[in-house]
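A structural walkthrough
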Amino acid sequence: MSRVAYVNGRFVRHAEAAVHIEDRGYQFADGVYEVWAIAGGVLTDAEGHFARLTRSLGELKIPTPMSREALIVVLRETLRRNRIKDGLLYLQVTRGVAPRDHAFPLPAPTPALVVTAKRVDSAAAEARAAKGVAVITTPENRWGRCDIKTVGLLPNVLAKQSAREAGAAEAWFVDDLGLITEGASSNAWIIDAQGVLRTRDIQANILRGVTRNTLLRVAREAGVSVEERPFTVEEAKLAKEAFTTGAGAQVLPVVRIDGAAVGAGEPGPVARRLRRLYMEESRRTGL
Ligand code: PDD
């Protein structure tokens, strides 16, 4: 069965899906995106991603391309046409097509909306989480508005490539104070030497991860002691456990940081428990 993408009002064969050469996403990265994890046909953590999409569009003054209700129909139909039960749903909105000029075009073009879906092998994903992954650290070099989920991801791309070349799954950015901000495509967490679950606060220049937000609540409800407080690379290496969160891999245990084993060098009990609790909660609150 061939893949199908939604492009500006039409479902088209994925291989033939295309946007205009003067799309501002293509020329200026003038656009935003969202990713939902699909589990058992459910759009997990649905509300959080819609809310962030609205916020990202608002920050860039890009008009909302369609109502929430209409968007849900498009997302569902994309899943149905691609027969996805477990996978990832990608949505991108750019400011639209206009002759190249840095300032916002006038009159404002119609925003361009693209939705794609891909299947994820859930057994392989579970096996990966059961084993844990390695991360590297890399200097923070992104712009000052990482709270907006824009498609301008070149530093993230380069960081991820460095990780791959080092045999790691993720790169954690480290700011000028030696504090970890977040990963190239995920938020960063540790269970510190005192047993406190820690992740960077959202006053910092990070993406307000939807998974992060739900997990904070889930962890508190489960009686875990949690603090939104920065940690250094050294603290991370001395941590009992570490993990990342994001729609891509939900809660993913980290077992090595820059080659040094975290704790016993295998996924810890808190990360494993939180992964399970998050999976349950994100489906329960999904669409
Ligand atoms: N990335 N930080 C960054 C820089 C991210 O790109 C992401 C998500 C996250 C986690 O956010 P959430 O929990 O809302 O998925 C944190 C997506 C999955 C991606 O770029 O594919």
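No experiment lies behind these values; they were computed from the predicted model shown. (Residues numbered from 1 in each chain as written. Predicted model: local features only at pLDDT ≥ 70, side-chain atom pairs only at ≥ 80, totals over all residues. Heavy atoms only, no water.)

**A look at the overall build of the protein**
Regarding its fold elements, the protein presents eight helices and 15 strands. Relative to the globule expectation of 19 Å for 287 residues, the C-alpha radius of gyration of the protein, 19 Å, shows essentially globular dimensions. Referenced to the eigenvectors of the C-alpha coordinate spread, the extents of the protein come out at roughly 55 × 40 × 35 Å. For the protein, long-range pairs separated by at least 24 residues make up 71% of all intrachain contacts whose partners lie at least 6 apart in sequence. For the protein, the accessible surface area stands at approximately 13700 Å², while carbon and sulfur atoms represent 54% of it. Counting 40 positive and 33 negative side-chain charges, the protein places the averaged centre of each group 5 Å from the other. (Helix = DSSP H or I, 4+ residues; strand = E, 2+ residues; numbered from the N terminus. Rg over C-alpha atoms; globule rule 2.2 N^0.38 Å. Contact = heavy atoms within 4.5 Å. Areas by Shrake-Rupley, 256 points an atom, 1.4 Å probe, with all protein chains shown as cover. Lys, Arg positive; Asp, Glu negative; His and termini not counted. Charge placed at Lys NZ, Arg CZ, Asp CG, Glu CD.)

**A short note on the sheet that holds strand β5 (residues 87-94)**
Reading across from one edge, β2-β1-β6-β5-β3-β4 is the order of the six strands in this open sheet, with antiparallel pairing throughout. Of all strands in the sheet, those bounded by a partner on one side alone are β2 (10-13) and β4 (42-43). Pairing between β5 and strand β6 (residues 112-119): eight bridges, direction antiparallel. Residue T94 lies in a different strand from β6, and its bridge partner there is A112. This element, helix α2 (residues 46-60), spans β3 (31-39), β4 and β5 of the sheet and lies at about 175° to β3. Lying on the sheet, helix α3 (residues 68-81) is in contact with β1 (4-7), β2, β3, β4, β5 and β6; it crosses β6 at an angle near 35°. (Pairing = 2+ DSSP bridges. Axes fitted to C-alpha atoms, helices over the stretch in contact; angles between N-to-C directions.)

**A look at the site of the ligand**
Close to the ligand lie 21 residues; Y33, E182, V210, T211 and A247 are nearest. Where the shell around the ligand is concerned, the elements lending two or more residues are β3, α2, β9 (180-183), α6 (210-221) and β13 (241-246). Taken together, the residues that form the shell around the ligand break down as six nonpolar, eleven polar and four charged. (Near = heavy atom within 4 Å. Nonpolar A, V, L, I, M, F, W, Y, C, P; charged D, E, K, R; others polar.)

**Overview of the pattern of salt bridges**
Counted according to the given criterion, the structure contains 26 salt bridges. Across the pair E221 and R217 runs a salt bridge whose closest N-O atoms are separated by 3.5 Å. Of the two residues, E221 and R217 are both situated in helix α6; the distance of four residues between them amounts to about one turn of the helix. On the basis of relative accessible area, E221 is assigned to the exposed category, the value being 59%. (Salt bridge = Lys/Arg side-chain N within 4 Å of Asp/Glu carboxyl O. Buried < 20%, exposed > 50% of the residue type's maximum accessible area, 1.4 Å probe, protein only.)

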